[in-house]
Amino acid sequence: MLSASNQDYDNKTIFVIDNNSIDSSWLNIQKASEVIEPKTTYNKVDKKYFHSSLKNFIIKSVSADIYCIVPGNIILKKTKISTAVNNILEKYADFIYNDYLTQDDIYISRFSYDKERLLKYPSWPDSYCITKRVLDKIGNYNDKISSGDDYDILLKCTDIGLAIHVPTALEKKFDKKEDDNLTQNINTILHNAKIRMNG
């Protein structure tokens, strides 16, 4: 949330979803969202959504020209959204993705998502930006998929739109398995946010 709030692109709406957690961590997340970005919309959904249906929930809940989908284990560089917006405006792109750093600062380069490669090696970027105009043309994500991602969305994007790979690490990905102490992490975010706001 802090990295989303700190983006150098101001015309944004931050939409936080707690996907039906069963412990009290959602209270800390809600508190963090209020401290970090008062304009944040926080949602705790009543049922467990799968990847595709969760994305559809976001699209139906927030009216926007561009959606930047970011999982909770990703920290964004401050130029993430502005880089995507520039590519969308200047090159009329519809799907923007980028390289990333691991939690140990190892640089990982993503390959270009052309159709032939996708059919042979299905994969999906952890975070990306996609335009509403291309979703209107190809339809939203497939709600019937109960696990994994909707690779057809990306294939359809390459058919009728332009997918652009930005060869720059614009985010840092943390291993979810080593990120079990959510309350401690959220408290650290709250502490840092208060320092930033009070400073």
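Thresholds, definitions, all that
Residues numbered from 1 in each chain as written. Predicted model: local features only at pLDDT ≥ 70, side-chain atom pairs only at ≥ 80, totals over all residues. Heavy atoms only, no water. Salt bridge = Lys/Arg side-chain N within 4 Å of Asp/Glu carboxyl O. Helix = DSSP H or I, 4+ residues; strand = E, 2+ residues; numbered from the N terminus. Buried < 20%, exposed > 50% of the residue type's maximum accessible area, 1.4 Å probe, protein only. pLDDT = per-residue confidence, 0-100. Core = buried A, V, L, I, M, F, W, Y, C linked by side-chain atoms within 4.5 Å. Contact = heavy atoms within 4.5 Å. Pairing = 2+ DSSP bridges. Phe/Tyr/Trp six-rings, centres within 6.5 Å; stacked < 30°, edge-to-face > 60°. Lys NZ or Arg CZ within 6 Å of the ring centre and 35° of its normal.

1. Quick look at the pattern of salt bridges
Logical step 1: Overall, the coordinates contain four salt bridges when judged by the stated rule.
Logical step 2: Of the charged contacts in the structure, one is a salt bridge between Glu171 and Lys80, with a shortest N-O distance of 2.9 Å. Residue Glu171 is found in strand β8 (residues 163-173), and its partner Lys80 is found in helix α4 (residues 80-91); the two are separated by 91 residues along the sequence.
Logical step 3: Assessed through its relative accessible area of 2%, Glu171 is described here as buried.
Logical step 4: Assessed through its relative accessible area of 2%, Lys80 is described here as buried.
Logical step 5: Notably, a salt bridge pairs Asp105 with Lys172, separated by 2.8 Å at the nearest N-O pair. Here Lys172 lies in strand β8 and Asp105 lies in the loop between β5 (95-102) and β6 (107-108), a separation of 67 residues in the sequence.
Logical step 6: For Lys172, a relative accessible area of 22% puts it in the partly exposed group.

2. Thoughts on the confidence of the model for the protein
Logical step 1: Looking at the protein as a whole, its pLDDT mean stands at 77, while 67% of the residues score no less than 70.
Logical step 2: Looking over the protein, one finds the lowest element-wise mean pLDDT in helix α8 (residues 182-198), namely 45, and the highest in α4, namely 93.

3. Concerning the nonpolar core
Logical step 1: Tyr67, Phe95, Tyr128, Ile130, Tyr141 and Ile153 are the most contacted members of the largest nonpolar core, which has 18 residues in total.
Logical step 2: The set of elements that each furnish at least two residues to this core consists of α3 (51-61), β3 (66-69), β5, β7 (128-131), α6 (132-138) and α7 (151-160).
Logical step 3: In contact with Tyr128, other than residues within four places in its own chain, are Lys55, Tyr67, Cys68, Ile69, Lys80, Phe95, Ile96, Tyr97 and Tyr141.
Logical step 4: In terms of nonpolar packing, the next biggest core, distinct from the first, is built from eight residues, Ala84, Ile96, Cys129 and Ile164 among them.

4. A word on the environment of Val85
Logical step 1: Within the secondary structure, Val85 is located in helix α4.
Logical step 2: Given a relative accessible area of 8%, Val85 falls into the buried group.
Logical step 3: The spatial distance from the C-alpha of Val85 to the C-alpha of Ile130 is 9.9 Å, given a sequence separation of 45 residues.
Logical step 4: With near-sequence residues (within four places) excluded, Val85 lies in contact with Tyr9 and Ile66.

5. Details of unusual backbone geometry
Logical step 1: Here Tyr92, not a glycine, exhibits a phi torsion of approximately 55°, which is positive.
Logical step 2: One non-glycine residue, Asp105, lies in positive phi territory at about 65°.

6. Some words on the pairing of β5
Each regular strand shows side chains that alternate between the opposite faces of the sheet.
Logical step 1: For β5, the tally of buried residues reaches eight of eight residues, placing the bulk of the element in the interior.
Logical step 2: Here β5 runs beside β7; their pairing, made up of two bridges, is antiparallel. When the sheet's bridge partners are listed, Phe95 is paired in β7 with Ile130.
Logical step 3: Relative to β6, β5 runs antiparallel, the two sharing two bridges. Across the sheet, the residue bridging to Tyr100 is Ile108, located in β6.
Logical step 4: The antiparallel hairpin formed by β5 and β6 contains four residues in its connecting segment, where Asp105 sits at a positive phi of about 65°.

7. What about the packing of aromatic side chains?
Logical step 1: For the structure on display, the rule yields three aromatic pairs.
Logical step 2: Where Phe15 meets Phe57, the ring centres are 6.4 Å apart and the plane angle is 45°; that geometry is what we call tilted. Here the residue Phe15 occupies a position in strand β1 (residues 15-18), and Phe57 occupies one in helix α3, the gap between them amounting to 42 residues.
Logical step 3: Its relative accessible area of 19% is what places Phe15 among the buried residues.
Logical step 4: Ring centres of Phe95 and Tyr97 lie 6.0 Å apart, and the angle between their planes is 55°; this geometry places the pair in the tilted category. For the residue pair Phe95 and Tyr97, the accessibility class agrees, reading buried in each case.
Logical step 5: Counting every residue linked through ring pairs, the aromatic cluster contains Phe95, Tyr97 and Tyr128.
Logical step 6: A cation over an aromatic ring shows up here: Lys55 above the ring of Tyr141, its NZ or CZ 5.6 Å from the ring centre.

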